[in-house]
Amino acid sequence: MRIGVLAAQGAFAEHISALKKLGVEALPVRVPKELEGLDGLIIPGGESTAISLRMLDNNLSREIAERIGEGLPVWGTCAGMILLAKGSPGAYPEPLGLLEITVRRNAFGRQRESFETELAVPALGEKPFPAVFIRAPSIEQVNGKAEVLARLPDGTPVAVRQGKLLATAFHPELTEDLRFHQYFLDIVADKR
Ligand code: GLN
């Protein structure tokens, strides 16, 4: 299995190393040609505006949107989730708009800008997941086809899935827990 990690900016090296620990081929993607032959793609966290500008520069936005249309499984973490979303007030340039959620950037305010919490994620089993939030977006609306996988105790959704698209507001690649990466690989392999 070959998984690409968009390497425009942000936490791509950490995703590559998590994927390698799970024994799959993990490749950085910087130009459209590198999307060829991939079974799945991760759009990492970082600064969504910077990532998005690079994607436009390299013509990756259009190519990725096209591949998603053809069924390529994609997982967006944090800024990556913002880029997949249908709407994000104030996000510039426009997100790809493929995942039926609306998000709000930097939604957790100064006091809770970065925090870690033990998150219940039924799809991953009983053991809570150590979720690291860094200037994270919140999911404000979940529409039609998107399904919520996890919520904060106050009810805010923080992980969703829509067919072969997965999005988390937090950073599983910054922990030792590989269950979210395995979950994405299972989606890619049609096991979930
Ligand atoms: N605050 C960033 C943004 O809005 C996202 C932060 C992250 O990916 N950790 O783009």
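See the structure above.
Rules of the game
- Residues numbered from 1 in each chain as written.
- Predicted model: local features only at pLDDT ≥ 70, side-chain atom pairs only at ≥ 80, totals over all residues.
- Heavy atoms only, no water.
- Helix = DSSP H or I, 4+ residues; strand = E, 2+ residues; numbered from the N terminus.
- Contact = heavy atoms within 4.5 Å.
- Phe/Tyr/Trp six-rings, centres within 6.5 Å; stacked < 30°, edge-to-face > 60°.
- Buried < 20%, exposed > 50% of the residue type's maximum accessible area, 1.4 Å probe, protein only.

Undergrad: Outline the environment of Val121, listing residues and values.
TA: As for its position among the elements, Val121 is in the loop between β7 (114-119) and β8 (129-134). Each C-alpha atom of the pair Val121 and Leu149 lies 6.2 Å from the other, and the pair is 28 residues apart in sequence. The contact partners of Val121, leaving out residues within four places of it in the chain, are Phe129, Leu149, Ala150 and Phe180.

Undergrad: Break down the packing of aromatic side chains for me, citing the residues and quoting the values.
TA: Applying the stated criterion across every chain yields a total of ten aromatic pairs. An angle of 45° between the planes, with centres 5.8 Å apart, marks the rings of Trp75 and Phe184 as tilted. With Trp75 in strand β4 (residues 74-77) and Phe184 in helix α5 (residues 179-188), this pair connects stretches of sequence that are 109 residues apart. Both residues of the pair, Trp75 and Phe184, belong to the buried class.

Undergrad: An account of the side chain of Ser61 is needed here, citing residue identities and associated values.
TA: Position of Ser61 among the secondary structure elements: in helix α3 (residues 60-69). Residue contacts for Ser61: discarding those within four places in its chain leaves Met55, Leu56 and Leu96.

From the geometry alone we can't say anything about function, so treat these as descriptive.
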